[in-house]
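Coordinate inspection notes
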Amino acid sequence: MWAVIAFLAWLTFDAVYRPIQFNKVKEQRYPKVIENLKDIRAAELAHKEIVGNFEGDFNKLVQFIDTAEFAITQRRDTTVLDEEYKKNYGVDEYIEKVLIDTLDFVPVKDSLFKGNRDRYTNMINVPIKGTDAKIELEAGNIKKGDSKIPVFEAKVAKSVILYDQDKQLILQENEAQSVEEVNGRYISVGSMEEIKTTGNWPQTYGDQ
């Protein structure tokens, strides 16, 4: 009798304790992965601003960060004489124009990562001790009407982040559907199916 009671008590304790411990591990690991995803997004947005598209090859993305520069510009509104109008009609006519002056250049790596090369060369790695997995990175275009729009996606499966946790709890985590949780099987930023550069994590993990 006492053995049965003790066993049932242990089962009750374990049923409560395991999810609590699982959530603690999740809450420690998810933010680390999300920080890497944010860094990848920052690098991709810089690539699109300077080159015009996103980059799906991580080595090329790192090479871009090592060498590329942001132009620091200044916008000026001005008016200039319309020479063609004066030639045709003999009357002065002025046109309003916006001039963009390039003032300087700043290295992308200094602007985004303050020169910390270890940070951006390792951002593709899943930053969880005990796993050598990498974040999946893809880039390309999707068609909208007659236009091709650049898109990218970086993602990592929850099962990779929680590789050493209870498999049943991981399955439950994959099925999570809540505004306070990361829904689905992956933590991701961007999309290969729609035009977006946001992440799928809730605000509790920081800016999307």
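The structure this text deals with has already been given above.
Residues numbered from 1 in each chain as written. Predicted model: local features only at pLDDT ≥ 70, side-chain atom pairs only at ≥ 80, totals over all residues. Heavy atoms only, no water.

A separate point is the overall build of the chain. Of the regular secondary structure elements, the chain holds seven helices and five strands. Listing the helices and strands of the chain from first to last along the sequence gives α-α-β-α-β-α-α-β-β-α-α-β. A buried classification covers 31% of the 208 residues belonging to the chain. Long-range contacts, defined as pairs at least 24 residues apart, comprise 60% of the intrachain contacts of the chain with a sequence gap of at least 6. (Helix = DSSP H or I, 4+ residues; strand = E, 2+ residues; numbered from the N terminus. Buried < 20%, exposed > 50% of the residue type's maximum accessible area, 1.4 Å probe, protein only. Contact = heavy atoms within 4.5 Å.)

A few words on the packing of aromatic side chains. With the rule as written, the count across this model stands at three aromatic pairs. Seen from the ring of Tyr186, Lys155 lies directly overhead, with NZ or CZ sitting 4.4 Å from the centre. (Phe/Tyr/Trp six-rings, centres within 6.5 Å; stacked < 30°, edge-to-face > 60°. Lys NZ or Arg CZ within 6 Å of the ring centre and 35° of its normal.)

With that settled, consider helix α2 (residues 58-67). Of the residues making up α2, those classed as buried are Phe58, Leu61, Val62, Phe64 and Ile65. In a view along the axis of α2, the buried residues occupy a sector of 155°, so they form one face of it. More than 90 degrees from the buried face of α2, the exposed residues found are Asn59, Gln63 and Thr67. Two or three places before Asn59, at the start of α2, stands the capping residue Asp57, its side-chain oxygen 2.9 Å from that residue's backbone nitrogen. (Arc of directions from axis to C-beta. Polar contact = N/O pair within 3.5 Å; in protein donor to acceptor, adjacent residues only side chain to side chain.)

Looking now at the pattern of salt bridges. Across all of its chains, the model carries eight salt bridges by this definition. Across the pair Lys26 and Glu173 runs a salt bridge, and its minimum N-O distance is 3.3 Å. Of this pair, Lys26 sits in helix α1 (residues 2-51) while Glu173 is found in helix α7 (residues 167-174), placing the two residues 147 residues apart along the sequence. A single burial state applies to Lys26 and to Glu173, both of which are buried. Note that Glu181 is salt-bridged to Lys26, the shortest N-O span being 3.0 Å. Taken together, the residues Glu181 in the loop between α7 and β5 (186-190) and Lys26 in helix α1 connect sequence positions 155 residues apart. Residue Glu181 is classed as partly exposed on the basis of its relative accessible area, which comes to 26%. Residue classification places Lys26 among the buried residues on the basis of a relative accessible area of 3%. What you see here is one network of salt bridges that share partners, running through Lys26, Lys158, Glu173 and Glu181. (Salt bridge = Lys/Arg side-chain N within 4 Å of Asp/Glu carboxyl O.)

This brings us to the sheet that holds β5. The strand order β3-β4-β5 describes an open sheet built from three strands, whose pairing is antiparallel. Each edge of the open sheet carries a strand with a single partner, namely β3 (136-144) and β5. Geometrically, the sheet is characterised by an average inter-axis angle of 25° between neighbouring strands, direction not taken into account. As paired elements, strand β4 (residues 147-157) and β5 share five bridges and run antiparallel to each other. Residue pairing for β5: Lys155 is matched across the bridge by Ser188. (Pairing = 2+ DSSP bridges. Axes fitted to C-alpha atoms, helices over the stretch in contact; angles between N-to-C directions.)

The next subject is the side chain of Thr131. Following the sequence through the fold, Thr131 ends up in the loop between α5 (117-121) and β3. A polar atom in the side chain of Thr131 sits 3.2 Å from the backbone nitrogen of Ala133. The contacts of Thr131, once residues within four sequence positions are left out, are Val126, Val160 and Tyr163.

Turning our attention to the environment of Thr67. In this fold, Thr67 is placed in helix α2. A relative accessible area of 59% places Thr67 in the exposed class. Considering only alpha carbons, one finds Thr67 and Lys109, 42 residues apart in sequence, at a separation of 8.1 Å. At 3.0 Å, the side chain of Thr67 and the backbone oxygen of Gln63 are in polar contact.

For the rest of this paragraph, the subject is α7. For α7, the full list of buried residues reads Leu169, Ile170, Glu173 and Asn174. The buried residues of α7 all sit within an arc of 145° when viewed along its axis, so they share a single face.

The next point concerns the nonpolar core. Nonpolar side chains tend to gather and get buried jointly when the protein is soluble and globular. Core analysis: the biggest nonpolar cluster contains 39 residues, and Met123 and Ile187 have the highest contact counts within it. The greatest single-element share of this core, amounting to nine residues, is contributed by α1. (Core = buried A, V, L, I, M, F, W, Y, C linked by side-chain atoms within 4.5 Å.)

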